[in-house]
Amino acid sequence: MVWLSKQFVRWLNWIAPFVRRSRVENISTEELRSVLERADESFVLVDVRSQTERDVSRIPGAISMDDFWSQRDELKNRTVIASCTVGGRSLLFAQRCLKDGIQSRNYRPGILGWCEAGGVLVDPNGNPTRRVHTHNRLLRAPDGYESVP
């Protein structure tokens, strides 16, 4: 199911110009890991998942969409890296940012791709965790991580 979801997101980005939306450049897991390790302040990682999903875990350094909009004036000169579960909601958020004149990229692998690459997750208190909210019962976390539907 993850493969199908990823293909759907790829297709949505491809048809974007035909439905008056912008295509969004993707960022790879390796690039995101590098940005986070360097603490590169020219980027901001925005987790567009719901509060319920973020209450389980998030990629370290990510802020919520609400936090981004409330700090928009301070963050508007940074490139937004939008992230969700498999890249669909983050694509839509990145398109909205582009429409508003904010540079953005989509982390299409999403939190499940981050887990597939062995990435660290943190809970709301910043403690490492292996739990990940999978957005729906059709998606599963990779081996070594606990799915929370």
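All figures in this text were calculated on a predicted structure; none of them were measured in a lab.

1. A word on unusual backbone geometry
(1) Moving on: Of note in this structure, Arg-20 is not a glycine but carries a positive phi near 60°.
(2) Moving on: Structurally, Arg-20 is set in the loop between helix H1 (2–15) and strand S1 (25–26).
(3) Moving on: Judged by its relative accessible area of 82%, Arg-20 is exposed.
(4) Moving on: The backbone of His-135 shows a phi angle near 75°, a positive value even though the residue is not glycine.
(5) Moving on: Residue His-135 is classed as partly exposed on the basis of its relative accessible area of 38%.

2. A look at a nonpolar patch on the surface
(1) Moving on: The grouping of Phe-8, Trp-11, Trp-14, Phe-18 and Val-19 at the surface amounts to a nonpolar patch, some 610 Å² of accessible area in total.
(2) Moving on: Topologically, Trp-11 is positioned in helix H1.
(3) Moving on: Residue Trp-11 is classed as partly exposed on the basis of its relative accessible area of 45%.

3. Brief notes about the pairing of strand S2 (residues 43–47)
(1) Moving on: Most of S2 sits out of view: five of its five residues are buried.
(2) Moving on: Going residue by residue along S2, you find Phe-43, Leu-45 and Asp-47 tucked away on one face and Val-44 and Val-46 tucked away on the opposite face as well.
(3) Moving on: Direction of pairing for S2 relative to strand S4 (residues 79–83): parallel, over a ladder of five bridges. Across the sheet, Leu-45 pairs through a bridge with Ile-81, a residue of S4.
(4) Moving on: Here S2 runs beside strand S3 (residues 63–64); their pairing, made up of two bridges, is parallel. When the sheet's bridge partners are listed, Val-46 is paired in S3 with Ile-63.

Definitions and limits used
- Residues numbered from 1 in each chain as written.
- Predicted model: local features only at pLDDT ≥ 70, side-chain atom pairs only at ≥ 80, totals over all residues.
- Heavy atoms only, no water.
- Helix = DSSP H or I, 4+ residues; strand = E, 2+ residues; numbered from the N terminus.
- Buried < 20%, exposed > 50% of the residue type's maximum accessible area, 1.4 Å probe, protein only.
- Patch = residues over 30% accessible without salt bridge, like charges linked within 9 Å, V, L, I, M, F, W, Y side chains within 5 Å.
- Areas by Shrake-Rupley, 256 points an atom, 1.4 Å probe, with all protein chains shown as cover.
- Salt bridge = Lys/Arg side-chain N within 4 Å of Asp/Glu carboxyl O.
- Pairing = 2+ DSSP bridges.

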